[in-house]
Amino acid sequence: MEYNFREIEKKWQKRWVENKTYQVTEDETKKKFYVLNMFPYPSGAGLHVGHPLGYIASDIYARYKRLQGFNVLNPMGYDAYGLPAEQYAIQTGQHPAITTVNNINRYREQLDKIGFSFDWNREIRTCEPEYYHWTQWAFQKMFNSYYCNDEKQARPIQELIEAFSQTGTEGINVACSEELSFTAAEWNAKSEKEQQEILMNYRIAYLGETMVNWCPQLGTVLANDEVVDGVSERGGFPVIQKKMRQWCLRVSAYAQRLLDGLDTIDWTESLKETQKNWIGRSEGAEIEFKVKDSDLEFTIFTTRADTMFGVTFMVLAPESELVQQLTTDTQKDEVNAYLERTKKRTERERIADRSVTGAFSGSYAINPFTGEAVPIWISDYVLAGYGTGAIMAVPAHDSRDYAFAKHFGLEIRPLVEGCDVSEESFDAKEGIVCNSPREGVTPYCDLSLNGLTIKEAIAATKKYVKEHNLGRVKVNFRLRDAIFSRQRYWGEPFPVYYKDNMPYMIDESALPLELPEVAKFLPTETGEPPLGHAAKWAWNTVNKCVVENEKIDNITVFPLELNTMPGFAGSSAYYLRYMDPHNNQALVDKKTDEYWHNVDLYVGGTEHATGHLIYSRFWNKFLYDLGISVAEEPFQKLVNQGMIQGRSNFVYRIKDTNTFVSLNLKDQYDTTPLHVDVNIVSNDVLDLEAFKAWRPEYETAEFILEDGKYICGWAVEKMSKSMFNVVNPDMIVDKYGADTLRMYEMFLGPVEQSKPWDTNGIDGVHRFIKKFWSLFYDRNDNYLVTDEPATKEELKSLHKLIKKVTGDIEQFSYNTSISAFMICVNELFGMKCSKKEILNQFIIVLAPFAPHVCEELWETLGNAGSVCDAKWPVCNEEYLVENTVNYTVSFNGKARFNMEFPADAASDAIQTAVLADERSEKWMEGKSIVKVIVVPKKIVNIVVK
Ligand code: ANZ
C-alpha cells in the first residue's frame, strides 16, 4: 500500500472530531499541563508558513506531555479586534465583524489542515460579548481599585475614600499620578465632582492627561510602533505630540512586583533582561532647586547626587509647566520657536536622535549645595514623562550634557580640579577618566567626598541631602502607565457613561455593554471617535440599558464613552478564560482555576516582550490581588519561537508626493521606502497596474522608471502580513501533507532561531515518512510486520531513539530529533526490521511530530484507540551498553587516530594491536618507543623519542 497522505490525513482529522480526541476536562486524578500559544490576529492574508512554527512546536510538546500521562490543556482562539479589519472597513464599507468572521473561518480551515491537538470546544474570540464581558468587568474593577504601597496590592477604592474622609492624605502610602495633600475636613467639604477628580489620581484605571502620538488625518492616537519617522506607518500622515485626556492603566504601580516576579519564572535570560530594562528601576535622589529672584522652585531627579559640584546648568523638558513661567520676556520668541519645532518629535525619536537642540529660558537656578546660580535651559533630550522632567546638568560627567554644553558653549566643570575635559579624555560610560576614585575633590558645605568611590560618594551625598532637607532618596521606574483609549470603532467599548463630564461605571449586572452599530467607521465631523456616529449610544441608569441619544437628559440618561479599548485589552487575561470559557457567572470558576493554575508552557514571538508580556503580567497580578487568579505569574515557562523570514520587496515614495521612483534612481530624491506585496512583483519588477489597484491611495500613483521598468528593492526580513511577503502553508500541505509540513518546519532549525523559508529539503523529510511507511508495506502492498522478537541491535537502535527524542523534546531541540528519526529508520531498514515490538514504540515517539501517519499505522498494528493515549516509552539503558569501545591513539600526547576494541579487551592485547597497526609506524616517525600507556576504555598514549 502506498503512503497516501491525502486520505490518511482527512480520515484522521475527521475521526479526531468525531471521537472528541482533543477535548479535555478537569480531571483531579491526573496532573495537569497547560500549553498555550499566543493567539493569532486573524488577518485577511490568512496563515503563512511562519505562523504554525510556534503552534507546531507547542503541539509536539502538548502531545508528548499527554503521552506521559498528563491532562493537557491546549486551547486556541482569536485576538479578533484590531486595526486592519477597521481600515478595511473604512476602505470598503464592509463591517469589521463580517471580515473578522470570514478571516477566522479561513484561519480555522488552515489550522485544521495541519492536525493540531487544540481543544476547539474552548475557542474564544475577543470580539464576542461573552468574552469581552470579562475584559470590561476587569476594567471596572481597576477603576474601583487603588494600589496600596504598604500592602503591595490593589485595594478597593472605597477604603481610600473612607481614609480621606477620616484622616485626609495623612499617612497614606499609595500609588498616584501626583502627590496630593489635604485634610479630612478639606475632603469632606469638596463637591462630588471635585472628589471624583481627586480619586482619578489614585484609581488603577483612570482618566489622565497624557502626551500621545496624535494623527489628525487618521483621527486617532497611535502607539509608538505605529509611528515611523514622524508619520503614521499606515498612510504616511503626520503625527504630532498632543496632550489628551485618555484612559490609562496604572501599570507603574506594579513595577517592583513585575521586576521581582521575573526571578520566579522560567524565561530566557534575554527576555528577562528586556523586561528589566523596560521596567528600568533606577535608584537616585530628588533634589530641590530654587529659581533665582523668584518664589518658584523645582525638583530634579539624579542618579549621581555626588556630582552636585559639577552642575553648570539645568535643563527642563519642553512640556514642563515651568517653561512658560521661567521664560523671560527677552527669551520668549526663541523659546516658543523651539517648542514649536520639538512638538513634532515622538519620544522615541527624541531618545534615538542625538543631535543637540535647545533654548535658554533666561532664568537661573540656585545650586542648593553651593549657592551658585546656573542657567536654566529647555531641551527635548530631557523627557517629560521620566523622573521629574527636569535635570541638573553635569557636562563633565554625562555624555548628553557634555554634547549640549559643547554645542552652546556652556561651562564644563570636572569634579576633580584640573582634570582634562577634552573630547578625547571623555569616556561616555564612566564619565571623565579622573572621576574615580576621587582625590582632590573640592569639599563643599561640610561634605567631603575625598577618597571615596563613586558608589560611596553617591551614598554620602544622598545621606547629606536627606539630613539637610534638600530633597529625598527616590527609586524611579522607566515603566509608564499604559494609555488605554483608542479613537477607533473595532474594539471593546468602555462600560462607562459620563455625568457632569465625569466617568461612571455602568452596573456590573448590565455587562457586557455591546459595541453599537455605526453609520461610518470614521471620526465624526466634530472630531469625535467613530462611536460618535452611533445613534443609540446613551445609558439609561434606571433601566440599565442602552437607549437612543435623543433620550439623553443628563438626569437619568447619560452619554456613553466614545473611545474603545486598545488591542492588548483582550489578550491580557485570555489564558484564564480558556480554563472556563463558557462560564457566564465569572471570568473563571475558582476551583477550575485552582486546577489549571497557570500556563506551564507559553509559546510566542519576541515582538511581545514589552507589550503583551508586560500588560498581561500586570493584568494577572491585579486579578491575583482580587483573589481571582490563583498564580501571581501567568506564564511559568516561555519559549520564543524564531521567525520564519521571507523575502520582501520595496517601492520608494518621494516624500509628500504620490510618485514612486525605481530602485536605482531613488538616491536622487528624498524618499520613504514602503513594503509592496510580493505577489505583484516578479523578479523584483513591479506590476504597475496591479500596484495601482492594490490600495486606493495608490490609484493615482505615478512612477519614475528605469529602462521602462519599476525595479523594487528587497530584503530578507520577518514573514508578515505587514511586510507583504507571505508563503501559504496550504500549498505545502496539498503537495506533501501536513505531517511533512510539521516535520519540515521543525527540521528547519532550532525552534528559537530565526531562519529564512526555503523549500529545498522538504523532499528529504517527505521521503523519510515514506521510508518509515515502507517498513510496514512493501512496493507490492505486502504487509511486512511480524511478531518476531527483536534483536539486541534493533532494541539498541530503538532505545537510542527514545532517549534522544525524550531529551530533545524537553529541550525544544526538535530539529535534532528529526535527524534521530531518520537515522533510526535507516538503521531499521538496514536490519530489515519490520517487527511489531519495535515499530509500535517507534510510532508513539514519532506521533507528536507526525500525528496522522502515526494514527494510521497504530491502527494498522491492531492497537485500539488513538495513539494519543498510548504511553510514552522509557529508554532502557541496558540496551545501550556499548560492546565495543573507541580508543584514541596518541603519540607524545597528540591524538592521531582511533581504533575500536571489544569492551572487555585486555590492555596487553590493545597495546599489541595498536603497535601492529600500520598508522603507528607513520606517527612514530622512525623514533623508538619509550613507553605505552593504556587508559582502559579511553586512550592509548605512546611515548617516543
Ligand atoms: C546628574 C548626572 C550626572 C546624571 C552624571 C547622570 C550622570 P537613569 O539611570 O536612566 O535613571 N535624567 C533624569 N531625568 C531625566 C529625564 N526626564 N530625561 C532625561 N534625562 C534625565 O538616569 C538618570 C539620570 O538621567 C539622572 O542623573 C539625570 O542625569 C538624567 F554624571 O543627574 B543625572
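Along each chain, residues carry numbers from 1 onward, in the same order as the chain's sequence is written. Residue-level local features of this predicted model are given only where pLDDT is at least 70; pairs of side-chain atoms are given and counted only at 80 or more, and the full residue set underlies all totals for whole chains, interfaces and linings. With hydrogens and water stripped out, all remaining heavy atoms of the structure feed into the side-chain values.

Caption draft 1: How the structure looks around the overall build of the protein chain. A count of helical and extended segments in the protein chain gives 28 helices and 38 strands. Any residue under 20% of the maximum accessible area for its type is buried, any over 50% is exposed, and the rest in between are partly exposed; the area is computed with a 1.4 Å probe on protein chains only. Counting all 945 residues of the protein chain, 53% fall into the buried class. Here the analysis covers contacts within the protein chain between residues at least 6 apart in sequence; of these, 70% occur between residues at least 24 apart. As displayed, the protein chain offers around 42,300 Å² of accessible surface, 49% of which is attributable to carbon and sulfur atoms. None of His or the chain ends enter the tally, which takes Lys and Arg as positive and Asp and Glu as negative. Charged side chains are reduced to one point each, which is NZ for Lys, CZ for Arg, CG for Asp and CD for Glu. Separation of charge centres in the protein chain, based on 103 positive and 134 negative side chains, amounts to 4 Å. A run of H or I in DSSP counts as a helix once it spans at least four residues, and a run of E counts as a strand once it spans at least two, with each numbered from the N terminus. In what follows, residue pairs with any heavy atoms lying within 4.5 Å of each other are defined as contacts. Each accessible area value is a Shrake-Rupley result obtained with a 1.4 Å probe; residue values ignore everything except the protein chains displayed when judging cover.

Caption draft 2: How the structure looks around helix α8 (residues 192–200). Those residues of α8 lying buried are Gln-195, Gln-196, Ile-198, Leu-199 and Met-200. As for α8, its buried residues are in contact with α5 (129–143), α6 (157–167), α7 (184–189), β5 (205–215), β9 (240–249) and β21 (502–505).

Caption draft 3: Region of the structure containing the environment of Glu-925. With respect to the secondary-structure elements, Glu-925 resides in the loop between α28 (918–924) and β37 (929–935). With 184 residues separating them along the chain, Glu-925 and Leu-741 place their C-alpha atoms 55 Å apart.

Caption draft 4: Inspection of the UniProt feature "domain: Methionyl/Leucyl tRNA synthetase" (unreviewed entry) in the protein chain at higher detail. UniProt positions are given in the numbering used here, feature names are shortened, and annotations may be inferred rather than shown by experiment. UniProt records the feature "domain: Methionyl/Leucyl tRNA synthetase" (unreviewed entry) at residues 35–157, using the numbering of this structure. Taken end to end, residues 35–157 comprises 50% helix and 11% strand; its first and last C-alpha atoms sit 36 Å apart.

Caption draft 5: Structural context of the layout of surface pockets. In the cavity and pocket records, a cavity denotes points on a 1 Å grid over the protein atoms alone where a 1.4 Å probe fits but cannot get out, a pocket denotes an open set with protein on both sides within 12 Å along at least 5 of 7 lines, and lining residues are residues with an atom within 4 Å of a point. Grid points are joined across faces, edges and corners, and a volume is the space filled by probe spheres set on the points. When its volume is computed, the second largest pocket comes out at roughly 930 Å³. As for the second largest pocket, its lining consists of 30 residues, of which Thr-303, Tyr-386, Ile-391, Asp-398 and Arg-478 are closest to the centre. Going through the elements one at a time, β11 (297–302), α13 (347–352), β15 (390–393) and α14 (399–408) are the ones with two or more residues in the lining of the second largest pocket. Amino acid classes used here: Ala, Val, Leu, Ile, Met, Phe, Trp, Tyr, Cys and Pro are nonpolar; Asp, Glu, Lys and Arg are charged; the rest, including Gly, are polar. When the residues that make up the lining of the second largest pocket are grouped by side-chain class, the tally is 11 nonpolar, 10 polar and 9 charged.

Caption draft 6: Here's a closer look at the site of the ligand. The cutoff for a nearby residue is simple: one of its non-hydrogen atoms must lie within 4 Å of the molecule or strand. In the vicinity of the ligand, 17 residues are found, and the nearest of them are Ser-282, Thr-302, Leu-383, Tyr-386 and Arg-478. The separation between an oxygen atom of the ligand and a polar side-chain atom of Ser-282 is 2.5 Å. Counting of polar contacts relies on pairs of N or O atoms within 3.5 Å, with two restrictions inside protein: one atom must be capable of donating a hydrogen and the other of accepting it, and residues adjacent in sequence are counted only when both atoms are side-chain atoms. Separating a nitrogen atom of the ligand from a backbone N or O atom of Leu-383 is a distance of 2.8 Å. Within the complex, 82% of the 650 Å² of free accessible area of the ligand lies under protein. Taken together, the residues of the shell around the ligand break down into 8 nonpolar, 6 polar and 3 charged.

Caption draft 7: Region of interest: the packing of aromatic side chains. The pairing test for Phe, Tyr and Trp rings, Trp by its six-membered ring, is centres within 6.5 Å, and the orientation test on the planes gives stacked under 30 degrees, edge-to-face over 60, and tilted for anything in between. Scanning the model with the defined rule gives 72 aromatic pairs in all. When the centroid spacing of 5.3 Å and the interplanar angle of 80° are considered together, the rings of Phe-772 and Phe-776 count as edge-to-face. The class for Phe-772 is buried, based on a relative accessible area of 0%. The ring centre of Trp-214 lies 4.4 Å from the NZ or CZ of Lys-242, which sits over that ring. The residue whose ring lies beneath Arg-647 is Trp-714, and the NZ or CZ to ring-centre distance is 4.1 Å. Think of it as a cone above the ring: NZ of Lys or CZ of Arg counts as a charge over the ring if it is within 6 Å of the ring centre and within 35 degrees of the ring normal.

Caption draft 8: Quick look at the sheet that holds strand β25 (residues 599–604). Between any two strands, pairing holds if DSSP finds at least two bridges. An order of β2-β1-β25-β26 is seen for the 4 strands of this open sheet, with the pairing classed as parallel. Among the strands making up the open sheet, the edge pair consists of β2 (71–73) and β26 (635–640). Each neighbouring strand pair of the sheet contributes to a mean axis angle of 20°, computed without reference to strand direction. In this structure, strand β1 (residues 32–37) lies alongside β25, joined through 3 bridges in parallel fashion. Residue Val-35 lies in a different strand from β25, and its bridge partner there is Leu-601. To obtain each axis, a line is fitted to C-alpha atoms, and for helices this fit is confined to the stretch in contact; angles are then taken between N-to-C directions over 0 to 180 degrees.

Caption draft 9: How the structure looks around the domain arrangement of the protein chain. Domains are outlined according to an automatic or database domain assignment. Domain boundaries in the protein chain define domain 1 (280–475), domain 2 (495–513 + 520–564), domain 3 (646–730), domain 4 (759–877) and domain 5 (881–942). Of note, the centres of domain 4 and domain 5, computed from C-alpha atoms alone, are 38 Å apart.

Caption draft 10: Region of the structure containing empty space enclosed by the protein. What the rule picks out here adds up to 1 cavity of 30 Å³ or more. If you trace the largest cavity, you find it lined by Tyr-131, Trp-134, Thr-135, Ala-138, Ala-569, Gly-570, Ala-573, Tyr-574, Leu-587, Trp-619 and Leu-623. Of all elements in the fold, only α5 and α18 (612–625) reach the threshold of two or more residues within the lining of the largest cavity. The element best represented in the lining of the largest cavity is α5, accounting for 4 residues.

Caption draft 11: The arrangement of the pairing of strand β38 (residues 939–944) in detail. Across 4 bridges, strand β35 (residues 884–891) lies against β38 in parallel orientation. Looking at β38, one finds that Thr-888 is bridged to Ile-939.

Caption draft 12: Inspection of unusual backbone geometry at higher detail. Here the residue pair Leu-511 and Pro-512 is connected by a cis peptide bond, since its omega of 0° sits within 30 degrees of zero. Within the fold, Pro-512 resides in the loop between β21 and β22 (538–540). The phi dihedral of Lys-152 falls on the positive side, at around 55°, and the residue is not glycine. Checked against the element boundaries, Lys-152 lands in the loop between β3 (145–148) and β4 (153–156). Exposure remark for Lys-152: the relative accessible area of 52% places this residue in the exposed category. Even without glycine at this site, Asp-656 takes up a positive phi of about 60°. You can see Asp-656 is positioned in the loop between β27 (644–654) and β28 (659–661).

Caption draft 13: Looking closely at the sheet that holds strand β24 (residues 557–559). Pairing within the open sheet is antiparallel, and its 3 strands lie in the order β23-β22-β24. Of all the strands in the sheet, just β23 (545–547) and β24 have a single pairing partner and so form its edges. Here the strands of the sheet are splayed against their neighbours by 40° on average, with no regard to which way each runs. As paired strands, β22 and β24 are joined by 3 bridges and run antiparallel to one another. What sits directly across from Asn-540, in β24, is Val-557.

Caption draft 14: Spatial organisation of the pattern of salt bridges. Salt bridges are defined as contacts in which a side-chain nitrogen from Lys or Arg sits within 4 Å of a carboxyl oxygen from Asp or Glu. Scanning the model with the defined rule gives 50 salt bridges in all. The shortest N-O distance in the salt bridge between Lys-32 and Asp-600 comes to 2.8 Å. With Lys-32 in strand β1 and Asp-600 in strand β25, this residue pair connects regions lying 568 residues apart in the sequence. Considered together, Lys-32 and Asp-600 belong to a single accessibility category, that of buried residues. Of the charged contacts in the structure, one is a salt bridge between Arg-125 and Glu-123, with a shortest N-O distance of 2.6 Å. One continuous salt-bridge network, built from bridges that share partners, spans Arg-257, Arg-617, Lys-621, Asp-625, Glu-632 and Glu-633.

Caption draft 15: Region of the structure containing the packing of helix α1 (residues 5–18) against helix α20 (residues 729–736). Between α1 and α20, the least distance of the axes is 8 Å, while the angle of their chain directions is 115°. Taken as axis vectors, α1 and α20 run roughly perpendicular relative to one another. Contacts from Phe-5, Arg-6 and Glu-9 of α1 reach α20 at Val-733, Asp-734, Lys-735 and Tyr-736. Across the contact of α1 with α20, the residue classes tally to 3 nonpolar, no polar and 4 charged. Roughly parallel here means an angle under 35 degrees, roughly antiparallel means over 145, roughly perpendicular means 65 to 115, and every remaining angle is called oblique.

Caption draft 16: Structural context of the state of the cysteines. Throughout, a disulfide means two cysteine sulfur atoms within 2.5 Å of one another. Applying the stated rule across the entire model yields 0 disulfides. No disulfide involves Cys-148; its sulfur sits 12 Å from the nearest other cysteine sulfur, which is in Cys-176. Under the relative-accessibility criterion, Cys-148 is labelled buried at 9%. Here Cys-854 stays unpaired: no disulfide links it, and the sulfur of Cys-868, its closest cysteine neighbor, is 9.8 Å away.

Caption draft 17: View of helix α22 (residues 762–773). End to end, α22 covers 17 Å across 12 residues, agreeing with the expected 16 Å (1.5 Å per residue, within 8%). Listed as buried for α22 are Ile-762, Val-765, His-766, Phe-768, Ile-769, Phe-772 and Trp-773. Seen end-on, α22 carries its buried residues on one side only, within an arc spanning 150°. In this structure, the buried side of α22 is in contact with α1, α20, α21 (738–747), α24 (814–830), α25 (836–846) and α26 (851–860). A helix's residues, less one, multiplied by 1.5 Å, set its expected span. The arc in question is formed by the directions pointing from the helix axis toward the C-beta atoms.

Caption draft 18: The arrangement of a nonpolar patch on the surface in detail. Taken together, the side chains of Ile-933, Val-935 and Ile-939 present a nonpolar region at the surface, about 180 Å² in accessible area. In this structure, Val-935 sits in strand β37. Distance thresholds for patches are 9 Å for like charges and 5 Å for nonpolar side chains (Val, Leu, Ile, Met, Phe, Trp, Tyr), applied to residues having over 30% relative accessible area and no salt bridge.

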